[in-house]
Amino acid sequence: MAGLLDNVDQRTRLVGRNRLELLLFRLHGRQLFAINVFKVREVIRMPKLTAIPQRHPVVEGVTHLRGTTVPVINLGAAIGMKPQEVSDDASLIITEYNRRTQAFLIGGVERILNMNWEEIESPPKTTGRGHYLTAITRHEEKLVEIIDVEKVLSEIVPYTTSLSEGLVDDEVIATAQGKRILVVDDSPVALNQARDTIEQLGIEVVTAGNGAEGLARLQAMAQNGEIDQLLMVITDAEMPEMDGYRLTTEIREDSRLKHLHVALHTSLSGDFNQAMVDRVGCDDFLSKFRPDELAELVQNYLRKVSDTNS
């Protein structure tokens, strides 16, 4: 099974082409679920677990993997379904999100699927806000549900938007008066965290749910002569219809937008993204759910702009 992921490092060729690879798996039953391969470190058979006291109800325990203690999350239970049985037939997907490693207990892996982001759709609005899907797609006429892992993790370890005391530089923030920041993300959890953090700096936030929607907003602002009001674009990497890498490419190819400061804001591996930032022309990269780092990024850019104009 681990052979499925032997060539993950080679998959960076997909970046900037609006393509992705999904790891398809099942919990129990026939329904297919998926997560992006870029977030997967490996897949292993069920190892021995060690119970931990006062653990979260969906955390089965921890396993030890090459010197690292990894929490094991029962994904079925975490998304409100029947809990996955802990058995020798089960598997673990070892993932990395926001510089943290965790494992998801699943029934079994199906395959890796190479797709175009245009084939990925947002969940129907009629599903409400209680679901755990970030997107859906189809494979061989079967529905594939792409898990919103950020929401799953936020319910186990809630994210904070509080800024450290003394972090906000009022003199610097004053230079952003009348400016706005466009935040592009398909995850409501991530979008709310970024918005709440930036608004503490007194800066208005405009949002978009995917790269295509974000590009349309930017084009409309340029058409209406409002683009100078925009301080920067902060975009997720993985999104339905158009990913953040493709969005950045489109910005750089539009003479009205190419000057914009673009920061990649993602839960993907930092090492991976630093290489991709250079490839597609982003200006900055930071991990999600780190409010101090996000506030510092905005303030550092304001200082740079102020120094340039002085």
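Summarised in this report is the structure supplied together with it. (Residues numbered from 1 in each chain as written. Predicted model: local features only at pLDDT ≥ 70, side-chain atom pairs only at ≥ 80, totals over all residues. Heavy atoms only, no water.)

### Regarding the sheet that holds strand β14 (residues 262-266)
With parallel pairing, the five strands of this open sheet are ordered in space as β12-β11-β13-β14-β15. Each of the sheet's edge strands pairs with one partner strand only, and the pair in question is β12 (204-208) and β15 (284-287). Looking at each pair of strands side by side, their axes are set apart by 25° on average, direction ignored. With respect to the sheet, helix α8 (residues 291-309) is in contact with β11 (180-184), β13 (230-235), β14 and β15, its orientation differing from that of β13 by roughly 145°. (Pairing = 2+ DSSP bridges. Helix = DSSP H or I, 4+ residues; strand = E, 2+ residues; numbered from the N terminus. Axes fitted to C-alpha atoms, helices over the stretch in contact; angles between N-to-C directions. Contact = heavy atoms within 4.5 Å.)

### Description of the packing of helix α5 (residues 211-223) against helix α6 (residues 244-252)
Contact geometry of α5 with α6 gives a least axis separation of 9 Å together with a crossing angle of 25°. Considered as vectors, α5 and α6 are oriented roughly parallel to each other. As for how α5 packs across α6, the hand of that crossing is right-handed. Here G211, G214, L215 and L218 of α5 lie close against α6, whose contacting residues are L247, E250 and I251. Residue classes in the contact of α5 with α6 are distributed as four nonpolar, two polar and one charged. (Parallel < 35°, antiparallel > 145°, perpendicular 65-115°, else oblique. Left-handed = near helix turned anticlockwise from the far one by under 90°. Nonpolar A, V, L, I, M, F, W, Y, C, P; charged D, E, K, R; others polar.)

### Concerning α5
Look at α5: 18 Å from first C-alpha to last across 13 residues, which is about the 18 Å you get at 1.5 Å a residue. Turning to α5, its buried residues are G211, G214, L215, L218, M221 and A222. End-on, the buried residues of α5 take up no more than an arc of 125°, which puts them together on one face. At its buried positions, α5 is contacted by β11, β12, β13 and α6. Its side-chain oxygen at 3.0 Å from the backbone nitrogen of A212, N210 defines the N-terminal cap of α5. Of the residues one or two after α5, G225 is the one with positive phi, at around 70°. (Expected span 1.5 Å × (residues − 1). Buried < 20%, exposed > 50% of the residue type's maximum accessible area, 1.4 Å probe, protein only. Arc of directions from axis to C-beta. Polar contact = N/O pair within 3.5 Å; in protein donor to acceptor, adjacent residues only side chain to side chain.)

All we've got here are geometric facts, nothing functional implied.
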